[in-house]
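Structural overview
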Amino acid sequence: MRVEIDKNAYEKLKKRFPWVYKNEILNAPKCNPGDIVDLVYKDEYVATAFFNPLSKISARVISFERVDINKNFFEERIKKAIEKRKALEKITNSYRLIHSEADFLPGLIVDKYGEYLVTSFNTAGIDNFKGLIVEILIDLLNPKGIYEKGDKIREKEGLEVISQKLYGEIEDEFIIIENDKKFLTNLITGQKTGFFLDQRKNRKIVGEYGNKKTLDLFANAGGFGIYANASYTKFVEISASACSLIEKNCELNNLKNYEIVRADVFKFLEKEKDTYDLIIIDPPAFAKNKNAKKNALKGWKYLIVNSLKLLEKGGYLALFSCSHSINQKDLLDLALSSSIIDNSYLEVIEFLKQDVDHPYMINIPNSLYLTGVLLRKN
Ligand SMILES: C[S@@+](CC[C@H](N)C(=O)[O-])C[C@H]1O[C@@H](n2cnc3c(N)ncnc32)[C@H](O)[C@@H]1O
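These numbers were taken from a predicted model, which means no experiment stands behind them. Each chain has its residues counted from 1, running along the sequence as written. Side-chain atom pairs in this predicted model are given and counted only at pLDDT of 80 or more, local residue features only at pLDDT of at least 70, and totals for whole chains, interfaces and linings cover all residues.

Bringing the overall build of the protein chain into the picture now. The helix and strand inventory of the protein chain stands at 10 helices and 20 strands. The reference for a compact globule is 2.2 Å times residues^0.38; the radius of gyration itself is calculated from the C-alpha atoms. Rg of the C-alpha trace for the protein chain: 22 Å, near the compact-globule value of 21 Å for 378 residues, within the 12% margin. Comment: burial labels come from other C-beta atoms within 10 Å of the residue's own C-beta, placed from the backbone, where a count of 20 or more is buried, 12 or fewer is exposed, and between is partly exposed. Looking at the protein chain residue by residue over its 378 residues, the buried ones come to 43%. Counted over contacts in the protein chain with a minimum sequence separation of 6, partners at least 24 positions apart contribute 61%. The way it works is that DSSP assigns letters per residue, a run of H or I at least four long becomes a helix, a run of E at least two long becomes a strand, and they are numbered from the N terminus. Contact between residues is assigned whenever the C-beta positions, reconstructed from backbone atoms, fall within 7 Å.

To decide whether a residue is near a molecule or strand, its C-beta atom is placed from the backbone and checked for lying within 6 Å of it. The environment of the ligand is formed by 20 residues, the closest being Phe196, Phe218, Asn220, Ile238 and Asp282. For the shell around the ligand, the elements supplying multiple residues, two or more each, are helix H6 (223-228), strand E15 (232-237) and helix H8 (265-271). Note on residue categories: nonpolar means Ala, Val, Leu, Ile, Met, Phe, Trp, Tyr, Cys or Pro, charged means Asp, Glu, Lys or Arg, and polar means any other residue, Gly included. Across the shell around the ligand, the residue classes tally to 13 nonpolar, four polar and three charged.

This next bit is on the sheet that holds E15. At least two DSSP bridges between two strands are needed for those strands to be called paired. Sheet architecture is open: seven strands sit in the order E16-E15-E14-E17-E18-E20-E19, paired in mixed fashion. Sheet topology places strand E16 (258-262) and strand E19 (346-353) at the edges, where each strand pairs with a single neighbour. The average undirected angle you get between the axes of adjacent strands in this sheet is 15 degrees. Relative to strand E20 (residues 371-377), helix H10 (residues 328-342) is tilted by about 25 degrees, and along the sheet it contacts strand E18 (311-321), E19 and E20. Fitted lines through C-alpha atoms give the axes, limited to the stretch in contact for helices. The angle between two N-to-C directions lies from 0 to 180 degrees.

A few words on the domain arrangement of the protein chain. In many analyses, interface size is given as the accessible surface area lost on bringing the parts together. The split into domains, and so the bounds of each, comes from an automatic or database assignment of domains. As far as domains go, the protein chain holds domain 1 (2-63), domain 2 (71-173) and domain 3 (196-377). Computed from C-alpha atoms alone, the centre-to-centre distance between domain 2 and domain 3 is 29 Å. Contacts between domain 2 and domain 3 engage 11 residues on the former and eight residues on the latter. Of all the elements, strand E7 (residues 94-99) adds the most residues to the side of domain 2 that touches domain 3, at four residues.

What follows is about the packing of helix H2 (residues 71-84) against helix H4 (residues 130-141). Two numbers describe how H2 lies on H4: the axes approach to 10 Å, and their chain directions differ by 50 degrees. As summarised for this structure, H2 and H4 are arranged oblique, according to the angle between their axes. Once H2 is placed against H4, the crossing between them reads as right-handed. Across the interface between the two elements, Lys71, Phe74, Glu75, Ile78, Lys79 and Ile82 of H2 pack against Leu132, Ile133, Ile136 and Leu140 of H4. Across the contact of H2 with H4, the residue classes break down as seven nonpolar, no polar and three charged. An angle below 35 degrees is read as roughly parallel, one above 145 as roughly antiparallel, one from 65 to 115 as roughly perpendicular, and any other as oblique. With the far helix as reference, a near helix turned anticlockwise by less than a right angle produces a left-handed crossing, and one turned clockwise produces a right-handed crossing.

All right, on to the nonpolar core then. Here a nonpolar core is just a set of buried residues of the types Ala, Val, Leu, Ile, Met, Phe, Trp, Tyr and Cys, joined wherever their C-beta atoms sit within 7 Å. Judged by nonpolar contacts, the single largest core of 77 residues is most densely connected at Ile279, Ala318 and Leu319. Of all the elements, E18 adds the most residues to this core, at six residues. Split by domain, the residues of this core number at least three in each of domain 2 (71-173) and domain 3 (196-377). Those residues in contact with Leu319 that sit more than four places away from it in its chain are Ile281, Ile304, Leu331, Ala335, Gly372 and Val373. Trp19, Ala47, Val61 and Leu159 belong to the second-largest nonpolar core, a separate cluster that totals 18 residues.

This brings us to the sheet that holds strand E9 (residues 116-121). Pairing within the open sheet is mixed, and its five strands lie in the order E7-E8-E9-E10-E11. What marks the edges here is a single partner per strand, and that holds for E7 and strand E11 (164-168). Taken pair by pair, the neighbouring strands of this sheet meet at an average axis angle of 20 degrees, ignoring direction. In this structure, E9 lies alongside strand E10 (residues 145-148), joined through four bridges in parallel fashion. The partner of Thr119 across the bridge, within E10, is Glu148.

Another point: the pairing of E7. In terms of residue burial, E7 counts as a mostly covered element, since six of its six residues are buried. Two strands pair when backbone bridges link them, and E7 and strand E8 (residues 108-113) are joined in this way by five bridges, in the antiparallel orientation. Looking at the pairing, His99 lines up with Ile109 of E8.

This next bit is on the packing of helix H9 (residues 293-310) against H10. Closest axis-to-axis distance for the H9/H10 pair is 9 Å, and the angle between their directions is 45 degrees. In terms of orientation, H9 lies oblique with respect to H10. Relative to H10, the crossing made by H9 is right-handed. When H9 is examined against H10, the residues Leu297, Trp300, Lys301, Ile304, Val305, Leu308 and Lys309 are found in contact with a partner set consisting of Asp330, Leu334, Ala335, Ser337, Ser338, Ser339, Ile341 and Asp342. Class assignment of the residues belonging to the contact of H9 with H10 gives a composition of eight nonpolar, three polar and four charged.

Let us now look at helix H7 (residues 240-252). With 13 residues, H7 ought to run about 18 Å at 1.5 Å a step, and its terminal C-alpha atoms sit 19 Å apart, in line with that. Taken together, the buried residues of H7 touch strand E13 (181-186), H6, E15 and E16. Phi turns positive one or two residues past the end of H7, at Asn254, with a value near 65 degrees. To estimate the expected span of a helix, count its residues, drop one, and scale the result by 1.5 Å.

Before going further, it helps to examine the pairing of strand E1 (residues 2-5). Residues Val3 and Ile5 point to one face of E1 and are all buried, whereas Arg2 and Glu4, pointing to the other face, are not buried. Across three bridges, the pairing between E1 and strand E4 (residues 35-41) is parallel. In the strand pairing of E4, Arg2 is matched with Asp38.

Let us look at the environment of Phe320. Within the secondary structure, Phe320 sits in strand E18. In this structure, the C-alpha to C-alpha distance between Phe320 and Ile280, residues 40 residues apart in sequence, is 8.2 Å. Setting aside anything within four residues of it in sequence, one finds Phe320 in contact with Ile281, Asp282, Leu370 and Gly372.

Have a look at this one:
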């Protein structure tokens, strides 16, 4: 099947951007969600793609060269993704094995937790190959169990949001071993596909600056605070289940002097008086798109200004944005304007990004979705 695209889409595809939006489609035959099509511009073949007339992102490129989309095709791509991550086995038993477009498999997420795999099939195209992909994963990795975690994003593709066991046995509680740390996570009931694997490297880098007093804001399972291993740590987190994980993770890692505050960080900062020498701000994505950006910037400014008030001179502030719409430059701008209010000077210690198992492909700018900066207050 041929789908004709406009000049704008053609030019982006020539730079290997892998999405075509609905308004860039000139002509398409009657297709079912997830059908495989040739994208064509003025009779020139441009790419092979999953097509979904229901989705705003109507075509997602699977290949820029003509290929047969069969078992062999998926097997090769999955093997490459596994191979690329081999080095991580030295430091952890848990990492992302397949990261959607950034591993040339649009919509497929596979996280490896020891002998378990937690998957998401987020496009109609990849969902059509679920059975085959499960078969390949079993052949290549011989897992104990494979679980599918339904992501709400499936609704955009006209798919039902379902979570189910796909193979073998799955236990909900699993202990991640990462460097010399341990984290209990819930594979079935946890957020995302379990744990924030993408922050692995950043936890280690930022953790090295832990000293006397750490404040871990939006702490989730407590990763940053636990790595920082300070004399005293305060974790602030709104979710009750995450708070109970923090407690268990502090125990697992022998962290003794800590407090877990179950609260909205914004309200917590209104009242907090203690001071710290390391503060981490790692909120959820406030701005999922450009329109929400203005409000997100306002929220961010509040967080930084109020955290700086609690940060001692010589202390460190780590900022993370997990939304492509608030990027590193935005974080720096926010930090600068906040430091002027605080009458302090901030120095960049590290520029940070998502860990390597969540690849940032330079042909897909939005695959850089997690950016951060570690600053020192002077
Ligand atoms: C991006 S995650 C943090 C990941 C964590 N730092 C790690 O490395 O594992 C954001 C966390 O913020 C929590 N959260 C969301 N809104 C919040 C709020 N207003 N106050 C406190 N916590 C909040 C979520 O429950 C989630 O656990």
